[in-house]
Amino acid sequence: MTCIIGARGSDGIIMISDRRMVRGNQIYEDDKVHLITPESPLIALGFAGYTGIRDKLLPTISIGMQQARVVSLAEVVVGVENSIFNIGETYNERFGEPGLIEGLIAGLEHLQGGKAEI
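Each chain has its residues counted from 1, running along the sequence as written. At least 70 in pLDDT is required for a residue's local features to be given in this predicted model, at least 80 for side-chain atom pairs to be given and counted, and no such filter applies to totals for whole chains, interfaces and linings, which use all residues. Side-chain numbers here rest on the full set of heavy atoms in the structure, without hydrogens or water.

A. Inspection of the pairing of strand β1 (residues 4-9) at higher detail. By the convention used here, strands pair only if DSSP detects at least 2 bridges between them. The helix and strand labels rest on DSSP assignments: H or I over at least four residues marks a helix, E over at least two residues marks a strand, and numbering proceeds from the N terminus. Inspection of the sheet shows β1 paired to strand β2 (residues 12-17) by six bridges, in the antiparallel sense. Counterpart to Arg8 in the pairing with β2 is Ile13. Here β1 folds back onto β2 in antiparallel fashion, the turn holding two residues.

B. A look at the sheet that holds strand β6 (residues 43-49). Taken in spatial order, the four strands line up as β5-β6-β7-β8 in an open sheet, and their pairing is antiparallel. Of all strands in the sheet, those bounded by a partner on one side alone are β5 (33-35) and β8 (116-117). Direction of pairing for β5 relative to β6: antiparallel, over a ladder of three bridges. Looking at β6, one finds that Val33 is bridged to Gly46. Residue contacts are counted whenever heavy atoms from the two residues lie within 4.5 Å of one another. Geometry is summarised by axes, namely lines fitted to C-alpha atoms with helices restricted to the contacting stretch, and by angles between N-to-C directions that run from 0 to 180 degrees. Contacting β5, β6 and β7 (101-108), helix α1 (residues 51-68) runs over the sheet at an angle of about 155 degrees to β6.

It is worth stressing that arrangement in space is one thing and function is another; only the former is reported here.
In structure tokens, the structure reads:
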């Protein structure tokens, strides 16, 4: 079970999570909170769910943001929701259950500035 906590303070946002992951029969530690804009890391995504699906989702989100030239956190949220939906369309039936991955998104309202939001 994953625990991701986000809180907004006067200076910005903090996101924390546990690090334990399970893939098949292997247990290991890895980051569950990811910064997806490396040149200016103002967007953080925390994911819970199947790690293999998360691994496919992260590059899709990053590339999609670059191609769409997003300028607001609201656009990022829509893109992440669409990516989760699209991946769900592919894998929900195979796994026999919906909700294979969930996310928490944090960043600045206008990406480069504005109010910090979760």
